[in-house]
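# Structural features, examined
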Amino acid sequence: MMGRQSDGSVYSTGLQKRTMKRANEFSLETRQRALIRQMNRCGSCGTRISALGGAGQAEHKYGESAQAHHIRHIKLCGSSVLDNCVILCWSCHYCVHEGGNYRGGMVIGEPSDFPHLNG
């Protein structure tokens, strides 16, 4: 049986865990630099984020994980570079994708949409 963990890793019961990376995913370094740029705050609501992914979940005000978001969507020629990366808590990430419309949503994001983008 196969499954996917919150960090994108794929696992199979009884087998060694392996990581699958999508071509348009931000590198760990880019995500870390974005979080530092934002002074460890969600780019949208400003809630403190202590660590990326589920690692900071226990310390998050609402117990949410932190996720990287493309300001300009990949489908709209956005890239996976630092200037196009904003770190958001789970609920803010859900909201910017029109309530979970991750694949078909076509909201054109701008840096000004994220008041805490630069800390």
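As the structure is a prediction and not an experimental result, all values here were calculated from the model.

Here is what the cut-offs are and how they apply
- Numbers given to residues run from 1 along each chain, matching the order in which its sequence is written.
- Where local features are concerned, this predicted model is filtered to residues with pLDDT of at least 70; where side-chain atom pairs are given and counted, the filter is 80 or more; whole-chain, interface and lining totals use all residues.
- Just so you know, side-chain values use all the structure's heavy atoms and leave hydrogens and water out.
- Runs of H or I in DSSP of at least four residues are treated as helices and runs of E of at least two as strands, each being numbered from the N terminus.
- Accessibility here uses a 1.4 Å probe with only protein chains present; expressed as a share of the type maximum, an area under 20% marks a residue as buried, one over 50% as exposed, and anything in between as partly exposed.
- In what follows, residue pairs with any heavy atoms lying within 4.5 Å of each other are defined as contacts.
- Calculation of accessible area relied on Shrake-Rupley with a 1.4 Å probe; when residues are assessed, cover is drawn exclusively from the protein chains displayed.
- The term polar contact refers here to a pair of N or O atoms within 3.5 Å; inside protein, the definition further demands a hydrogen-donor-capable atom paired with an acceptor-capable atom, and it admits residues adjacent in sequence only when both atoms are side-chain atoms.
- Buried Ala, Val, Leu, Ile, Met, Phe, Trp, Tyr and Cys residues that are joined via side-chain atoms within 4.5 Å together make up what is termed a nonpolar core.
- Aromatic rings from Phe, Tyr and Trp, with only the six-membered ring used for Trp, were paired whenever their centres fell within 6.5 Å, and each pair was classed as stacked if the ring planes differed by under 30 degrees, edge-to-face if by over 60, and tilted otherwise.
- Here, any two strands with at least 2 DSSP bridges between them count as paired.
- Throughout, the protein atoms alone are placed on a 1 Å grid, and a set of points is a cavity if a 1.4 Å probe fits but cannot get out or a pocket if it is open with protein on both sides within 12 Å along at least five of seven lines; lining residues have an atom within 4 Å of a point.
- Grid points are joined across faces, edges and corners, and a volume is the space filled by probe spheres set on the points.
- All residues other than Ala, Val, Leu, Ile, Met, Phe, Trp, Tyr, Cys, Pro, Asp, Glu, Lys and Arg, Gly among them, are scored as polar; the first ten of these are nonpolar and the last four charged.

Let us now look at the overall build of the protein chain. Looking only at helices and strands, the protein chain features two helices and five strands. Secondary structure elements of the protein chain, listed N to C terminal, follow the sequence β-β-β-α-β-β-α. With 119 residues in all, the protein chain has 35% of them scored as buried. Taking contacts inside the protein chain between residues at least 6 apart in sequence as the whole, the part at least 24 apart equals 52%. Carbon together with sulfur atoms contributes 53% to the accessible area of the protein chain, which is approximately 7400 Å² in total.

Here we come to the side chain of histidine 70. Relative to the helices and strands, histidine 70 resides in strand S4 (residues 66-70). Under the relative-accessibility criterion, histidine 70 is labelled buried at 15%. A distance of 3.0 Å separates polar atoms of two side chains, one belonging to histidine 70 and the other to serine 80. Apart from the residues lying within four places of it in its own chain, the contact partners of histidine 70 are Asn24, Phe26, Ser79, Ser80 and Asn84.

Turning our attention to the nonpolar core. In terms of nonpolar packing, the biggest core is built from 17 residues, with Cys42, Ile49, Val86, Ile87, Leu88 and Phe114 touching the most fellow members. Secondary-structure elements contributing two or more residues to this core are helix H1 (28-37) and strand S5 (85-89). If one sorts the elements of this core by residue count, S5 sits on top with five residues. Non-local contacts of valine 86, meaning those with residues more than four positions away in its chain, are made with Arg37, Gln38, Gly43, Gln67, Ala68, His69, Ile71, Phe114 and Leu117.

All told, the structure shown has one aromatic pair when counted by the stated rule. Seen from their ring centres, tryptophan 90 and tyrosine 94 are 5.2 Å apart, and the 20° between their planes marks the pair as stacked. Taken as a pair, tryptophan 90 and tyrosine 94 lie in helix H2 (residues 90-96) at a separation of four residues, close to a single helical turn.

Most of S5 is tucked away: five of the five residues are buried. Bridge count for S4 against S5 is five bridges, and the pairing is antiparallel. In the strand pairing of S5, histidine 70 is matched with cysteine 85.

Attention shifts here to the side chain of asparagine 84. Among the secondary structure elements, asparagine 84 is positioned in the loop between S4 and S5. A distance of 2.7 Å separates a polar atom in the side chain of asparagine 84 from the backbone oxygen of serine 79. Those residues within four positions of asparagine 84 in sequence are excluded, and the remaining contacts are Phe26, His69, His70, Ile71, Arg72, Gly78 and Ser79.

Tallied over the full model, the rule gives one cavity of 30 Å³ or more. Of the voids in this model, the largest cavity is the one considered here, and its volume is about 30 Å³. Lining the largest cavity we find Ile49, Ser50, Ala51, Gly56, His60, Glu64, Ser65 and Ala66. When the residues that make up the lining of the largest cavity are grouped by side-chain class, the tally is three nonpolar, four polar and one charged.

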